[in-house]
Number of protein chains: 2
Amino acid sequence: MTNLLNDMEHDFQAVPAPVEVHVAMLVFPGFTLLDLVGPQTTLSFHTTVHLVAKTLEPVASDSGIKLVPTCTFADCPQNVDVLFVPGGFGTADAMEDEETIAFLRDRGARARFVTSVCTGSLIQAAAGLLEGYEATTYWAHLDILRVLGAKPIAKRVVMDRGRISGGGVTAGIDFGLSLLAELRGDLTARTMQLLMEYDPAPPFDCGNPEDAGPEVAAQAKAALGDAVDLARAAAYRIRAKAIAD
Amino acid sequence: MTNLLNDMEHDFQAVPAPVEVHVAMLVFPGFTLLDLVGPQTTLSFHTTVHLVAKTLEPVASDSGIKLVPTCTFADCPQNVDVLFVPGGFGTADAMEDEETIAFLRDRGARARFVTSVCTGSLIQAAAGLLEGYEATTYWAHLDILRVLGAKPIAKRVVMDRGRISGGGVTAGIDFGLSLLAELRGDLTARTMQLLMEYDPAPPFDCGNPEDAGPEVAAQAKAALGDAVDLARAAAYRIRAKAIAD
């Protein structure tokens, strides 16, 4: 997919990219749309983003909205600069999906940056891409990273030797601007922050479990349902299989 | 579209909505994906979101990513609780699209909340929905609101008698949580803020033109190309036509 609307009347891309940077973003059933759209927006003027899925059929996110992929696992460029995986309620299934894991292993082996937001890091860890690396994930899933050989760090954005992970959902914006600074320098990232008018003013102070307090945290855990348990169970099965092999 | 993945194996909706709330979100060629996905995410557990377009064909956002609408202008429920319009590089064209404006006028006349993010407020103002109301929009377009009869306010989220508008792009998250608090109360909005891990940590202090400084602001204006001029020209044509009629 080319940047912006090349097929529309006006050319919106006023800041051309000096060297083409290819980003492969995994799209899987039950991914969280905002996990992907935050980083994709930060990168949209400055990279070529491929939305990669098994087929070109629209893929339903975990809120039901369907995105149209731009290439299949088979058609995705063999060498990408950035491999990105979002999280979502579909994480546990993706962690044990052989075709998905094989794709991530292959492109991740050669990508300059192996990146994720939210529980996307669990899927990458399931593919063996975070063994021995510091990484973060959604607040409710942090301990599961350890089961898969990564070192969990409770930070908004974690960078460790080409591995860059963001926390949950909205952390994708902070992550994406940080990644853009790595790819294109600070001036470009600062400009994109202004273009996205990223001057946050949260209406409440509830963005992490500590600030949110026990009542809100309990409500949030109830809303997550069995998502955390499913991901943990998948992690233990993957670990057990790796030890047996 | 139902909330979350009703057709998937697990029921993720642990917090049932006490009364169904219908939200119609306009999808038009060249909309900004994050303008829509921020608010849609905040509302996803607690409302029924309709992605409304002229046809059910996938609609390309201004970064090229295609979303699949869930209903057409004709099929959209006649009465919706919330009417929402995102902005984007396609704003000027949408402002003068008769079919789009007719749809907004009709549903906006009966909606409890007439809402927007980014330059979506210009499209609503073009439909006459903001005449005499305070509203905000993307930082580069603020003065254009006045041409269309609204009172521009440089704030992250502006509420005025059932009209709620958010600033540019990422302001949709602040806007969406504020709207959710109106619809479902503070506890629900606080819980959603934690579920979205909305604990922002911008890597730079560049989210508005003043903080960003002249160099970054000049870069951002260059990246916007003729988008502001096109929207302003459309606004003057619409105003002239309204005076002539």
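Residues numbered from 1 in each chain as written. Chains lettered and ligands numbered in written order. Predicted model: local features only at pLDDT ≥ 70, side-chain atom pairs only at ≥ 80, totals over all residues. Heavy atoms only, no water.

1. Describing the relation of the copies chain A and chain B
Selection rule: Superposition of the copies was done by least squares, using only C-alpha atoms of residues whose pLDDT is at least 70 in both. Residue contacts follow a heavy-atom distance rule, with two residues in contact if any of their heavy atoms lie within 4.5 Å.
With an RMSD of 0.0 Å, the operation that places chain A on chain B is a rotation of 180° combined with a shift of 0.0 Å along the axis. What the rotation and shift describe, once combined, is the action of a two-fold rotation axis. It is Leu67 of chain A whose C-alpha, among those of chain A, lies nearest the rotation axis, at 2.4 Å. Both copies share a contact surface, since 99% of the interface residues of chain A are interface residues in chain B too.

2. Thoughts on the confidence of the model for chain A
Quick reminder of the rule: Per-residue confidence from the predictor is given as pLDDT, running between 0 and 100.
Summarising the model, chain A shows a mean pLDDT of 92, and 93% of its residues fall at 70 or more. Long-range and interchain partners of residues 1-17 of chain A, a stretch whose pLDDT sits below 50, account for 43 contacts in this model, where long-range means more than four residues apart.

3. Thoughts on helix H8 (residues 209-224) of chain A
Residue and element names in this part refer to chain A. Selection rule: Strands here mean DSSP runs of E at least two residues long; helices mean DSSP runs of H or I at least four residues long; both are numbered from the N terminus. To estimate the expected span of a helix, count its residues, drop one, and scale the result by 1.5 Å. The seven residues ending at a residue and the seven starting there each receive a fitted axis; the angle between those axes is the bend at that residue. We call a residue buried when its accessible area falls under 20% of the maximum for its residue type, exposed when it is over 50%, and partly exposed in between, using a 1.4 Å probe and counting protein chains only. What qualifies as a polar contact is a pair of N or O atoms within 3.5 Å, subject to a donor-acceptor requirement within protein and to the restriction that residues adjacent in sequence count only when both atoms come from side chains.
Taking 1.5 Å of rise per residue, 16 residues should cover 22 Å, yet H8 covers just 13 Å from first to last C-alpha, more than 12% shy of that figure. Largest kink in H8: about 85°, centred on Glu215. When we look at burial in H8, the residues that qualify are Ala212, Gly213, Val216, Ala217, Ala220, Ala223 and Leu224. Two or three places before Glu210, at the opening of H8, Asn208 has a side-chain oxygen 3.1 Å from that residue's backbone nitrogen.

4. Comments concerning the UniProt feature "domain: DJ-1/PfpI" (unreviewed entry) in chain A
The line we're drawing: UniProt positions are given in the numbering used here, feature names are shortened, and annotations may be inferred rather than shown by experiment.
Here the UniProt-annotated "domain: DJ-1/PfpI" (unreviewed entry) positions come out as residues 22-181 of chain A. End-to-end, the C-alpha atoms of residues 22-181 of chain A are 15 Å apart, and along that stretch the chain is 32% helix and 24% strand.

5. A few points about the environment of Phe28 of chain A
All names here are of chain A. The residue Phe28 is located in the loop between strand S1 (22-26) and helix H1 (33-43) in this model. Judged by its relative accessible area of 4%, Phe28 falls in the buried class. With 63 residues separating them in the primary sequence, Phe28 and Thr91 have C-alpha atoms 8.6 Å apart. Beyond its immediate chain neighbours, meaning those up to four positions away, Phe28 contacts Val59, Ala60, Val85, Pro86, Gly87, Gly90, Thr91, Ala94 and Ile123.

6. Focus: the state of the cysteines
All names here are of chain B. What counts, and what does not: Throughout, disulfides are identified as pairs of cysteine sulfur atoms within 2.5 Å of each other.
Here the structure, examined in full by the defined rule, presents zero disulfides over all chains. With no disulfide of its own, Cys76 lies closest to Cys71 among cysteine sulfurs, the gap being 4.5 Å. The structure places no disulfide on Cys206, whose sulfur is separated from the nearest cysteine sulfur, that of Cys118, by 18 Å.

7. Examining the nonpolar core
Our working rule: Here, nonpolar core refers to any group of buried Ala, Val, Leu, Ile, Met, Phe, Trp, Tyr and Cys residues whose side-chain atoms link them within 4.5 Å.
Core analysis: the largest hydrophobic core is formed by 175 residues, its most contacted members being Leu36, Met95 and Leu104 of chain A together with Leu36, Met95 and Leu104 of chain B. Those residues in contact with Leu36 of chain A that lie beyond four places of it in its chain are Met25, Leu26, Val27, Phe31, Leu51, Leu67, Phe84 and Pro86 of chain A together with Ile65 of chain B.

8. Considering the packing of aromatic side chains
Residues and elements named next belong to chain A. To keep things clear, this is the line we draw: The pairing test for Phe, Tyr and Trp rings, Trp by its six-membered ring, is centres within 6.5 Å, and the orientation test on the planes gives stacked under 30 degrees, edge-to-face over 60, and tilted for anything in between. Each ring is checked for a lysine NZ or an arginine CZ that lies within 6 Å of its centre and within 35 degrees of its normal; such an atom marks a charge sitting over the ring.
This structure, assessed with the given rule, holds 10 aromatic pairs over all chains. Its guanidinium or amino end placed over the ring of Tyr133, Arg161 lies 4.4 Å from that ring's centre, counting from NZ or CZ. Taking NZ or CZ as reference, Arg163 lies 4.4 Å from the ring centre of Tyr133, over its face.

9. Remarks on the environment of Pro209 of chain B
Here Pro209 of chain B shows up in helix H8 (residues 209-224). In this structure the C-alpha to C-alpha distance between Pro209 of chain B and Gln78 of chain B, which are 131 residues apart in sequence, comes to 40 Å. Not counting residues up to four positions away in its chain, the partners in contact with Pro209 of chain B are Leu194 of chain A together with Trp139 of chain B.

10. Some thoughts on the sheet that holds strand S2 (residues 48-53) of chain B
All names here are of chain B. Rule in force here: We treat two strands as partners when DSSP finds at least two bridges between them. Helix axes are fitted to C-alpha atoms over the stretch in contact, other axes to C-alpha atoms as well, and angles between N-to-C directions run from 0 to 180 degrees.
With mixed pairing, seven strands are arranged side by side in an open sheet as S5-S2-S1-S6-S7-S11-S10. The outermost strands of the open sheet, each flanked by one partner alone, are strand S5 (71-72) and strand S10 (157-160). Contacts from helix H1 (residues 33-43) reach strand S1 (22-26), S2, strand S6 (82-85) and strand S7 (113-117), with the element oriented near 170° to S1. Running over the sheet, helix H3 (residues 98-110) touches S1, S2, S6 and S7 and is turned about 150° from S6.

11. Looking at the pairing of S1 of chain B
Residues and elements named next belong to chain B. Let me state the cut-off plainly: Note on handedness: a crossover is taken as right-handed if, strands pointing away from the viewer, the path from the first strand over the helix to the second is clockwise.
By the criterion of burial, S1 is predominantly enclosed, with four of the five residues buried. Relative to S2, S1 is paired through five bridges, and the arrangement is parallel. Within the sheet, the bridge partner assigned to His22 lies in S2 and is Thr48. Read from S1 through H1 to S2, the crossover connection turns out right-handed. Looking at chain direction, S1 and S6 are connected through three bridges and run parallel. Looking at S6, one finds that Ala24 is bridged to Leu83.

12. Thoughts on the sheet that holds strand S3 (residues 59-60) of chain B
Taken in spatial order, the four strands make up an open sheet running S3(A)-S4(A)-S4(B)-S3(B), and their pairing is antiparallel. Bordering the open sheet on either side are strand S3 (59-60) of chain A together with S3 of chain B, each of which pairs with just one other strand. Examined bridge by bridge, S3 of chain A and strand S4 (residues 66-67) of chain A share two bridges and lie antiparallel to one another. Across the sheet, the residue bridging to Ala60 of chain A is Lys66 of chain A, located in S4 of chain A.

13. Digging into the interface of chain A and chain B
Interface size is commonly expressed as the accessible surface area that is lost when the partners come together. This is how it is decided: The term buried area denotes the loss of accessible surface (1.4 Å probe radius) that occurs when two parts are joined, taken as the sum for both partners. Salt bridges are defined by distance alone: a side-chain nitrogen of Lys or Arg within 4 Å of a carboxyl oxygen of Asp or Glu.
Opposite the 79 residues of chain A that make contact, chain B presents 79 residues. Both faces combined, the contact of chain A with chain B buries some 6,900 Å², and carbon together with sulfur accounts for 68% of it. Broken down residue by residue, the surface that chain A buries against chain B is led by Leu194, Glu197 and Phe204 of chain A, which jointly contribute 11%. Run the count over chain A and chain B and you get zero salt bridges. On inspection of chain A and its partner chain B, the count reaches 30 residue pairs in polar contact (both at pLDDT 80 or more). At the level of elements, H1, S4, helix H6 (171-184), helix H7 (186-195) and H8 of chain A are the ones that each hand at least two residues to the side of chain A that touches chain B. Ranked by residue count, the leading element in the side of chain A that touches chain B is H8 of chain A, at 10 residues.

14. Considering the pattern of salt bridges
All names here are of chain A. One pass over the full model with this rule turns up 22 salt bridges over all chains. Between Arg232 and Asp143 there is a salt bridge, with its nearest N and O atoms 3.1 Å apart. Here the residue Arg232 occupies a position in helix H9 (residues 227-244), and Asp143 occupies one in the loop between strand S8 (134-135) and helix H5 (144-147), the gap between them amounting to 89 residues. Overall, the relative accessible area of 24% leaves Arg232 in the partly exposed class. With relative accessibility at 41%, the residue Asp143 sits in the partly exposed group. Within the structure, one salt-bridge network assembled from shared partners comprises Lys54, Asp97 and Glu99.

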